[in-house]
Amino acid sequence: MSDENRRCPWCGSDPLYVAYHDDEWGRPLHDPRALFECLILEGFQAGLSWITILRRRETFRAAFAEFDPAVLAEWGEDETLRLLQDPGIIRHRGKIEATFAGARAYLAIEAREGFANFLWKHVGGQPIDRQLGNVGQAVAQTAESVALSKALKAEGFKFVGPTISYAFMQAVGMVNDHLIDCAWHDKMRSAG
């Protein structure tokens, strides 16, 4: 296998998963709206595999007004009932309602200090490079993800436990958990 093709084993060979690994996962993200979308989708992923969410991401975007927090913050029971009928998303009342609550929380945080700043301060503004040598060294949560989870819940977010928060931190590059022999590990270090 060439150096450019060395990847973390979790993405397997599914083209969608490989593209996600290569183009998105672990890349430091600072755009507040993109961070909001990722956090909401991580919450929908709870109990499912991430590939399930990736395969439905475009449908989610269409169903949830491109994850525009200003729009979603105004949604309520009528939109919940409509979304519960949409087979292209994960039809879970609690997660749908949590999206609307999360949008309201996002707007408050964005106005107060900036959503990206609120999130990134939990890692001191820089990605944590965990230097994983193998998948067996991976963890489901850390002290930082526990703190982020508590902070998000205090603001009104739901489905943001420490494990979901850690998966989110990995996805948006707050933590570099690409294995050290993955071709993307060093690329993410220099992207921070």
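Each remark here, short or long, concerns the structure printed above.
On a predicted model such as this, the values are computed, not experimentally measured, just so you know.

Considerations on the overall build of the protein chain
- Scanning the protein chain from terminus to terminus reveals 10 helices and 2 strands.
- Counting helices and strands in the order they occur from the N terminus, the protein chain gives α-α-α-α-α-α-α-β-α-α-β-α.
- In terms of overall dimensions, the protein chain is globule-like: its C-alpha atoms have a radius of gyration of 17 Å, near the 16 Å expected for 192 residues.
- Restricting to contacts in the protein chain with at least 6 residues of sequence separation, those with at least 24 account for 67%.
- Surface accessibility of the protein chain: about 8,800 Å² in total, with carbon and sulfur atoms responsible for 52%.

Examining the packing of aromatic side chains
- All told, the structure shown has 13 aromatic pairs when counted by the stated rule.
- Judged by centre distance (5.3 Å) and plane angle (75°), the rings of Trp10 and Tyr17 are edge-to-face.
- The cationic tip of Arg82 hangs over the ring face of Trp75; the distance from NZ or CZ to the ring centre is 5.2 Å.

Some words on the packing of helix 2 (residues 32-45) against helix 9 (residues 162-171)
- Their axes nearest at 9 Å, the elements helix 2 and helix 9 cross at an angle of 140°. Overall, the two elements helix 2 and helix 9 adopt an arrangement that is oblique. Judged by the sense of rotation from one axis to the other, the crossing of helix 2 with helix 9 is right-handed. Mapping the contact onto sequence places Leu35, Cys38, Leu39, Glu42 and Gly43 in helix 2 and Ile164, Ala167, Phe168 and Ala171 in helix 9.
- A per-class count over the contact of helix 2 with helix 9 returns 7 nonpolar, 1 polar and 1 charged.

Notes on helix 8 (residues 143-155)
- The end-to-end C-alpha distance of helix 8, which contains 13 residues, comes to 19 Å, matching closely the 18 Å that a straight helix rising 1.5 Å per residue would cover.
- Buried residues along helix 8 sit against helix 2, helix 7 (115-120) and helix 9.

Examining the nonpolar core
- The biggest cluster of nonpolar side chains holds 57 residues, and the ones touching the most others in it are Phe64, Phe115, Phe157 and Phe168.
- At the level of elements, helix 1 (15-23), helix 2, helix 3 (50-63), helix 6 (93-112), helix 7, helix 8, helix 9 and helix 10 (183-191) are the ones that each hand at least two residues to this core.
- Of the residues forming this core, the biggest block, 7 residues, is contributed by helix 2.

Regarding helix 6
- For helix 6, built from 20 residues, the straight-helix expectation of 28 Å at 1.5 Å per residue is met to within 8% by its first-to-last C-alpha distance of 29 Å.
- For helix 6, the full list of buried residues reads Lys95, Ile96, Ala98, Thr99, Phe100, Ala101, Gly102, Ala103, Ala105, Tyr106 and Ile109.
- Considering only its buried residues, helix 6 is in contact with helix 2, helix 4 (69-72), helix 5 (77-83), helix 7 and helix 8.
- Of the residues trailing helix 6, Gly114 is marked for its positive phi of about 90°.

Some thoughts on the environment of Ala62
- With respect to the element layout, Ala62 can be found in helix 3.
- Overall, Ala62 belongs to the exposed group, its relative accessible area being 59%.
- With 17 residues separating them along the chain, Ala62 and Gln45 place their C-alpha atoms 17 Å apart.

Focus: unusual backbone geometry
- Look at Ala65: it is not a glycine, yet its phi comes out positive at around 50°.
- Note that Ala65 resides in the loop between helix 3 and helix 4.
- Backbone geometry places Phe159, a non-glycine residue, at a positive phi of 60°.
- Position of Phe159 relative to the elements: it lies in the loop between helix 8 and helix 9.

Scoring rules and cut-offs
- Residues numbered from 1 in each chain as written.
- Predicted model: local features only at pLDDT ≥ 70, side-chain atom pairs only at ≥ 80, totals over all residues.
- Heavy atoms only, no water.
- Helix = DSSP H or I, 4+ residues; strand = E, 2+ residues; numbered from the N terminus.
- Rg over C-alpha atoms; globule rule 2.2 N^0.38 Å.
- Contact = heavy atoms within 4.5 Å.
- Areas by Shrake-Rupley, 256 points an atom, 1.4 Å probe, with all protein chains shown as cover.
- Phe/Tyr/Trp six-rings, centres within 6.5 Å; stacked < 30°, edge-to-face > 60°.
- Lys NZ or Arg CZ within 6 Å of the ring centre and 35° of its normal.
- Axes fitted to C-alpha atoms, helices over the stretch in contact; angles between N-to-C directions.
- Parallel < 35°, antiparallel > 145°, perpendicular 65-115°, else oblique.
- Left-handed = near helix turned anticlockwise from the far one by under 90°.
- Nonpolar A, V, L, I, M, F, W, Y, C, P; charged D, E, K, R; others polar.
- Expected span 1.5 Å × (residues − 1).
- Core = buried A, V, L, I, M, F, W, Y, C linked by side-chain atoms within 4.5 Å.
- Buried < 20%, exposed > 50% of the residue type's maximum accessible area, 1.4 Å probe, protein only.

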